Amino acid sequence: MPHQPPSPVGFDAFVHVRGAREHNLKDVDVDLPRDAIVVFSGISGSGKSSLAFGTLYAEAQRRYLESLSPYARRLIDQVGVPDIDAIDGMPPAVALQQQRGTPNVRSTVGSITTLSSLLRMLYSRAGTYPPRQPMLYAEDFSPNTPQGACPTCHGLGYVYTVKDEAMVPDPSLSIRDRAIAAWPPAWHGQNLRDILVTLGYDVDKPWRELPKKDRDWILHTDEQPVVPVYAGFTPAETRAALRRKTEPSYMGTFTGARRYVLDTFANTQSALMKKRVARFMSGTTCATCDGRRLKREALSVTFAGLDIGTLSRLPLADIAELLAPAAKGRFDTPVATATRSRAAGRKDIARRVAAGGLPHTGGTDVRRTANLSEEKRIAAQRITRDLIGRIESLQGLGLGYLALDRSTPTLSSGELQRLRLATQVRSNLFGVVYVLDEPSAGLHPADAEALHAVMGQLKAAGNTLFVVEHDLDTLRRADWLVDVGPDAGQHGGRVLYSGPPLGLRDIEASHTRRYLFDAVPTRRRTPRHPSGWLELLGIQRNNLHGLDVRIPLGAFTSVTGVSGSGKSSLVSQALVELVGEHLGHEPAVEESSDDMPLPDAITRTAGRLGAGVGAIRRLVNVDQKPIGRTPRSNLATYTGLFDHVRKLFAATRAAKARRYGVGRFSFNVAQGRCPTCEGEGFVSIELLFMPSVYAPCPTCHGKRYNEKTLEIEWNGRNIAQVLGMTVDEALSFFADEAPVHRALALLHGIGLGYLRLGQPATELSGGEAQRIKLATELQRSQRGDSLYVLDEPTTGLHPFDVDKLMVQLHGLVDAGNTVVVVEHDMRVVADSDWMIDVGPGAGEKGGRIVAEGVPQDVASAGVGATAPYLQRALSSR
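Residues numbered from 1 in each chain as written. Predicted model: local features only at pLDDT ≥ 70, side-chain atom pairs only at ≥ 80, totals over all residues. Heavy atoms only, no water.

Looking up the chain in an unreviewed UniProt entry gives the name UvrABC system protein A, with the organism given as Lysobacter concretionis Ko07 = DSM 16239. Regarding the chain, the UniProt comment filed under Subcellular location (unreviewed entry) reads as follows: "Cytoplasm". In its Sequence similarities (unreviewed entry) section, the UniProt entry covering the chain states "Belongs to the ABC transporter superfamily. UvrA family." (UniProt positions renumbered as here; feature names shortened; annotations may be inferred.)

Written out as structure tokens, the structure is:
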């Protein structure tokens, strides 16, 4: 049993957990108070989430679903049955995790908060219609329905074009010399060039010298003529062969360059091909709807002087102000004009008003609003009151800068979780357990204050909060603390302490205790002197409008600012894109489930690099995207160490005697894998209305390989046993194998020693994926002159693991590289050589450099939202 004090006064009811064995939990028994904020702490991989989500939430959901009909259960995605003896006193639970789901550009802030549904009802029932236009239904104001979507862009707000200058970047080249860069490489491209020879086009003349009608047809035609092809013939020989009607090598079908790009992007199953052709595409605002996504009839209806598409582009805070008079029953105040004037300070809105793209608000609109019928006034007041209440919940969580039409794939996981949390606050549920997954992730300390207030509201309403968290301030504010550990993986899984936070001070085995009570001194380090400065000039991206900034080279820089201030726009987008373009990298393309890239992925940063760019020879962007989309991708395969392991097995005497090659020891190859599960290691059992059960394969029992392959051993272990090892176990097992040991040592040093070598990529968090990428990068020999960019690398990390990460990052700088991180952890910022604080607010209230310099100087100056929290971090050093 864990160290657990007697039940304190104020907690009358408890949830009793007995014999929890999910994942690495070791028969855990623990009692958790209800009507309280209970925080689960512990280092990464200790078992916190296994207890909170894998056990408590899973069991609560299972019990609730048992009350539903068998048919209803089949329609719900169920999390499975936890391995546990008993849980008593567990109320219904709601999980708010940092999961994105499938990216979809049609999913927006408005749709996931249901604000868009209310807004559509407002325009339908209380909007100002043009004369003689019939009333529209709410569905007519939705861009995701056939009756509402703009017919040109189908409700996306943008259309894709393939520009001539992108398809032919160097018009001095001839077609034979591959002037048409958009055409495919290798044989397919040669085939298209040979077809043009048959069709009589000059493939040896520079592109710019061809007649315009010829250039236009080659690039833009939708015709697909089928003609004879004489492979390897010169143009003269081809003409002669055509006259003689010689038998061709084959019949070839022509495809214009534009058609090839669009068809390939829409239909290819190859992510590589999709990425290649996407660089020739550019997203442009739909001219029919001006990017507002709706048909003209819907856009002709206004409320407070604005159509619904324009209103949806405004920040939530502006929408609340715009609707405030109607919510109070006032329809004769020219508030639309006042709000419009303030919002028009934003360049994009002001430009469209001046160009006539947005309706002008003035006396006429106000008069029409004032003349609403009594029925419409009642409807408008009721709906706007509800809208403002919901928006206030979002503003309370620091999300007032978001626009309703902001697509969810462009949001951070922290923003998504807070959107869901705000929705729960408005639901007014009572007696529910909310299970939260690191709600402070991606939050500036100033925004975390609002988060704590909302958590307090949920508790005050009679609910219980189970929170998995690393943020020390959140731990201090908890009513009850459950510390899991002491270490990760098989060395964790025990509850070291369960009780009020102060009681953890006496638990020697706890890593959390050392940081929570300031027992770990932060090393004092003299900031490095930069070897030079990298200039970014005139940056235009999202809320950055003509920003100039300098980044020190050969130093560790932290970029800070409140959520939505423009940090990621500056670093993860502008910096990465401009440096990548300078180094000749192909731009990354974010894909969505709509078979089109996200609009933001094709929008490029405006601006340029100034001095210092010549000092950067290499760019490494270490993001939190998954390292693989299927269970077949795992830690060992991604890092490359599995290639060395398979070579070791193939080199054994037994493998050579059977003529087993390296491929035999891959679970993706038919010769070596189990034929029943095809190398998956498990089979899915469909139980109709019960959750699907994933059981170990009855043939290989989860080992993924066939019996003959498993007979081969290296140092007494077969290949499946090696994949089942943790990084720490494998570290000693491969102590004498330098290539494998080096990779394992880096994974251990970066705090991932608890992961199994065969751990599927689908089971890894974004933070774990990012650290695996970093460890893989660290295997390269360091020559210096590289720029490393990381976006919130401490996400999901316990302070103990953050210290390990910082040792690795500082090692990169010591090797002559430059490291730039977007970060909210003030301990990391305090340990930086330089910091850049972006703000002062979020959205259009941000996007400027508030302060920059050595952290100590920025903290002393006291300017900006970051300074007071940085002062606190520095004072504890």
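Still more ground to cover, so stick around.
K.L.:
Can you walk me through the layout of surface pockets in this structure?
P.N.:
When its volume is computed, the second largest pocket comes out at roughly 870 Å³. Lining of the second largest pocket is provided by 35 residues; of these, Asp-471, Leu-472, Asp-825, Met-826 and Arg-827 occupy positions nearest its centre. No other element matches helix 19 (residues 445-460), which puts 4 residues into the lining of the second largest pocket. Tallied by class, the residues present in the lining of the second largest pocket amount to 12 nonpolar, 11 polar and 12 charged. (1 Å grid on protein atoms, 1.4 Å probe; cavity = no way out; pocket = protein on both sides within 12 Å on 5 of 7 lines; lining within 4 Å. Points joined across faces, edges and corners; volume = space filled by probe spheres on them. Helix = DSSP H or I, 4+ residues; strand = E, 2+ residues; numbered from the N terminus. Nonpolar A, V, L, I, M, F, W, Y, C, P; charged D, E, K, R; others polar.)

K.L.:
Sorry, what's going on with the sheet that holds strand 19 (residues 606-609) here?
P.N.:
The pairing of strands in a sheet comes from backbone hydrogen bonds and takes either a parallel or an antiparallel form. Taking strand neighbours across the sheet as the criterion, the 3 strands line up as 17-16-19 in an open arrangement whose pairing is antiparallel. What marks the edges here is a single partner per strand, and that holds for strand 17 (544-553) and strand 19. Each strand axis lies, on average, 15 degrees off the axis of its neighbour in the sheet, ignoring direction. Pairing between strand 16 (residues 532-541) and strand 17: 8 bridges, direction antiparallel. The residue of strand 17 that forms the bridge with Gly-532 is Leu-553. Those strands touched by helix 22 (residues 567-583) are strand 16, strand 17 and strand 19, and its axis lies near 110 degrees from that of strand 16. (Pairing = 2+ DSSP bridges. Axes fitted to C-alpha atoms, helices over the stretch in contact; angles between N-to-C directions. Contact = heavy atoms within 4.5 Å.)

K.L.:
I tried to follow unusual backbone geometry on my own but got confused; where do I start?
P.N.:
Cis peptide bonds are those with omega within 30 degrees of zero, and the linkage from Gly-485 to Pro-486 qualifies with 5 degrees. Looking at the secondary structure, you find Pro-486 in the loop between strand 14 (480-485) and strand 15 (494-499). Unlike most non-glycine residues, Ala-186 shows phi in positive territory, near 60 degrees. Here Ala-186 shows up in helix 6 (residues 186-198). In this structure Ala-186 comes out as exposed when scored by relative accessible area, which is 58%. (Buried < 20%, exposed > 50% of the residue type's maximum accessible area, 1.4 Å probe, protein only.)

K.L.:
Even after reading the chapter, I still don't get empty space enclosed by the protein, so can you show me in this structure?
P.N.:
In this approach the atoms are scanned with a rolling probe the size of a water molecule, which exposes any empty space left behind. By the definition in use, this model includes 4 cavities of 30 Å³ or more. The calculated volume of the second largest cavity comes to roughly 60 Å³. Looking at the second largest cavity, the residues that line it are Thr-113, Arg-390, Ser-393, Leu-394, Leu-419, Ala-422, Thr-423 and Arg-426. Of all the elements in the fold, those that place two or more residues in the lining of the second largest cavity are helix 17 (374-396) and helix 18 (413-427). Broken down by element, the residue count for the lining of the second largest cavity peaks at 4 residues, all from helix 18. Looking at side-chain class alone, the lining of the second largest cavity contains 3 nonpolar, 3 polar and 2 charged residues. Mapping the lining of the second largest cavity onto the domain boundaries places at least three of its residues in each of domain 1 (14-101 + 412-517) and domain 2 (109-156 + 296-397). (Domains from an automatic or database assignment.)

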